[in-house]
Amino acid sequence: MDSHRLRGLSASFKRALLEDTLPFWIDHCVDRRYGGFATFVDRRGEALSGDKGGWVQGRFSWLLARLYNTLERRPEWLELSRHGIEFIERRGMSPEGRVYFTLTREGRPLRLRRYIYAETFAAIAFAEYGRAAGDGGRVERARSLMVLVERLLATPGALSPKFFPEAFQARS
């Protein structure tokens, strides 16, 4: 693909992100009552469910801080990233330090999955926000989450099996 075409695509994607996707999320998905971000909305921004995806809290918080760090230092982006980070800290983490995969709108845990997606998205969010805000405590939280992820992945049995071995016999 030639460089002219790549520049055109890049400009198109940037425009879609800044003029369509972000305004939609900011207008319809920021939960100012309970914190965090609504994650199940239709194309009009109407709630389909009050539940919140824990991994999306980290992913959107990361995106906002990343844009702040790399594209433009818009105070609104940094503030909204902090809004998501605080929801994760206040409601999204289990006593063991895991990040819930799904929560109620108010932040009560619904599901803690065997996968580590929510933890990794939270880690990148804490790291990027910490960099943006000059917040060493949040950067340290990112490191702690990654240590947890590495331990979970390296320790046999730390994550529950996908199948019950008594009922499903398989060989790798």
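Residues numbered from 1 in each chain as written. Predicted model: local features only at pLDDT ≥ 70, side-chain atom pairs only at ≥ 80, totals over all residues. Heavy atoms only, no water.

**Some points on the environment of Leu148**
Turning to its location among the elements, Leu148 is positioned in helix H5 (residues 136-154). Of the residues examined, Leu148 reaches a relative accessible area of 10% and is grouped as buried. Separated by 28 residues in sequence, Leu148 and Thr120 place their C-alpha atoms 9.8 Å apart. Leave out the neighbours within four places in its chain, and Leu148 touches Glu96, Gly97 and Arg98. (Helix = DSSP H or I, 4+ residues; strand = E, 2+ residues; numbered from the N terminus. Buried < 20%, exposed > 50% of the residue type's maximum accessible area, 1.4 Å probe, protein only. Contact = heavy atoms within 4.5 Å.)

**Quick look at the pattern of salt bridges**
Inspection of every chain in the model, using the stated rule, returns 13 salt bridges. Ionic pairing is found between Asp31 and Lys52, a salt bridge with its closest N-O pair at 2.9 Å. Taken together, the positions of Asp31 in the loop between helix H1 (3-28) and strand E1 (52-53) and Lys52 in strand E1 put the pair 21 residues apart, joining distant regions of the chain. Of the residues examined, Lys52 reaches a relative accessible area of 1% and is grouped as buried. Here Asp31 and Arg105 are joined by a salt bridge, their closest N and O atoms 2.8 Å apart. Here Arg105 lies in the loop between strand E2 (102-103) and strand E3 (109-111) and Asp31 lies in the loop between H1 and E1, a separation of 74 residues in the sequence. Its relative accessible area of 5% is what places Asp31 among the buried residues. The partly exposed category is assigned to Arg105, whose relative accessible area is 33%. Sharing partners across several salt bridges, the network here consists of Asp31, Lys52 and Arg105. (Salt bridge = Lys/Arg side-chain N within 4 Å of Asp/Glu carboxyl O.)

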